[in-house]
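Report on the structure
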Amino acid sequence: MTLFMFLKSLHFVGMTLWIGGMCMLGVVMNAWRRAPDGAGLIALINAVQRWNQRVVLPAMILTWLTGIGMTLMGSWPPSASLLVKGLFVLMLSALHGMQSGALRRGLAQNRLAAPRLLNYACGFTVLALVVSVVLIVVRPF
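From a predicted model like this one, the values you see are computed outputs, not experimental measurements.

What follows concerns the environment of Val84. With respect to the secondary-structure elements, Val84 resides in helix H3 (residues 80-109). On the basis of relative accessible area, Val84 is assigned to the partly exposed category, the value being 24%. Considered as a pair, Val84 and Ile136 are 52 residues apart in the sequence and their alpha carbons are 9.7 Å apart. Beyond its immediate stretch of four places on either side in the chain, Val84 contacts Leu135 and Phe141.

Looking now at H3. Residues spaced three or four apart along an α-helix face the same direction, because each turn holds 3.6 residues. Relative to the 44 Å expected for 30 residues at 1.5 Å per residue, H3 spans 43 Å between its end C-alpha atoms, a close match to the ideal helical length. Backbone geometry just downstream of H3 places Asn110 in the positive-phi region, at approximately 60°.

The backbone phi angle of Asn110 is positive, close to 60°, even though this residue is not glycine. Note that Asn110 resides in the loop between H3 and helix H4 (121-138). In this structure Asn110 comes out as exposed when scored by relative accessible area, which is 54%.

With that settled, the discussion passes to a nonpolar patch on the surface. There is a patch of nonpolar side chains on the surface, built from Val126, Val130, Val133, Val134, Val137 and Val138 and spanning about 500 Å² of accessible area. Following the sequence through the fold, Val138 ends up in helix H4. According to the relative accessible area criterion, Val138 is exposed, its value standing at 54%.

On the secondary structure map, Phe88 appears in helix H3. Taking the relative accessible area as the measure of exposure, Phe88 reaches 18% and is therefore buried.

A few words on the UniProt feature "transmembrane region" (unreviewed entry) in the protein. UniProt's entry tags residues 12-32, 55-73, 79-96 and 117-138 with the feature "transmembrane region" (unreviewed entry), counted in the numbering of this structure. End C-alpha to end C-alpha, residues 79-96 measures 26 Å, and it is 94% helix and 0% strand.

Another point: the nonpolar core. Of all hydrophobic cores here, the largest spans 27 residues; its most connected members are Trp18, Met29, Trp32, Leu103 and Leu118. For this core, the secondary-structure elements that each account for two or more residues are helix H1 (3-34), helix H2 (42-74), H3 and H4. It is H1 that provides the largest number of residues to this core, a total of eight residues. Setting aside its immediate chain neighbours within four residues, Trp18 contacts Val56, Ala59, Met60, Thr63, Trp64, Val89, Leu92, Ser93 and His96.

Take the packing of H3 against H4 next. Where H3 meets H4, the closest approach of the two axes is 9 Å, and the angle between their N-to-C directions is 160°. What the angle tells us is that H3 and H4 run roughly antiparallel. In the crossing of H3 with H4, the sense of the turn from one axis to the other is left-handed. Residues Ser81, Leu82, Val84, Lys85, Phe88, Val89, Met91, Leu92, Leu95 and Gln99 of H3 pack against Ala121, Phe124, Thr125, Ala128, Val131, Ser132, Leu135 and Ile136 of H4.

Turning our eyes to something else, we now look at the side chain of Ser81. When you line up the elements, Ser81 lands in helix H3. Leave out the neighbours within four places in its chain, and Ser81 touches Leu135, Arg139, Pro140 and Phe141.

Basis of the calculations
Residues numbered from 1 in each chain as written. Predicted model: local features only at pLDDT ≥ 70, side-chain atom pairs only at ≥ 80, totals over all residues. Heavy atoms only, no water. Helix = DSSP H or I, 4+ residues; strand = E, 2+ residues; numbered from the N terminus. Buried < 20%, exposed > 50% of the residue type's maximum accessible area, 1.4 Å probe, protein only. Contact = heavy atoms within 4.5 Å. Expected span 1.5 Å × (residues − 1). Patch = residues over 30% accessible without salt bridge, like charges linked within 9 Å, V, L, I, M, F, W, Y side chains within 5 Å. Areas by Shrake-Rupley, 256 points an atom, 1.4 Å probe, with all protein chains shown as cover. Salt bridge = Lys/Arg side-chain N within 4 Å of Asp/Glu carboxyl O. UniProt positions renumbered as here; feature names shortened; annotations may be inferred. Core = buried A, V, L, I, M, F, W, Y, C linked by side-chain atoms within 4.5 Å. Axes fitted to C-alpha atoms, helices over the stretch in contact; angles between N-to-C directions. Parallel < 35°, antiparallel > 145°, perpendicular 65-115°, else oblique. Left-handed = near helix turned anticlockwise from the far one by under 90°.

Right, here's the structure in full:
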């Protein structure tokens, strides 16, 4: 197996854990916000917070590092598709930071007071993933 294929495999694993974790955060945060008494969910939300810190964040870092590594190894000419994909990945990283911060603050206060934007986090995450993959596979521009 070549180094490039190894990085590509690591990139795929990291991306899968990162995107799956972001979707999980979105679903759990929406459930917590809608629960009449969120106290019953605190044990689950604590477990999700630990998973986010121990798995999802390192997966995001792995995805970034392997993606940059593959880009440097690929010797591709600069393309608008790659730049736009990078912007979507940057937005995903910022969204993950917003989710993580809101969850951490919510646990400290025993209630979730997250921005309304996070109601749509899971949908945006999936959309950004699809757009990113299409941009790299199809390279429309």
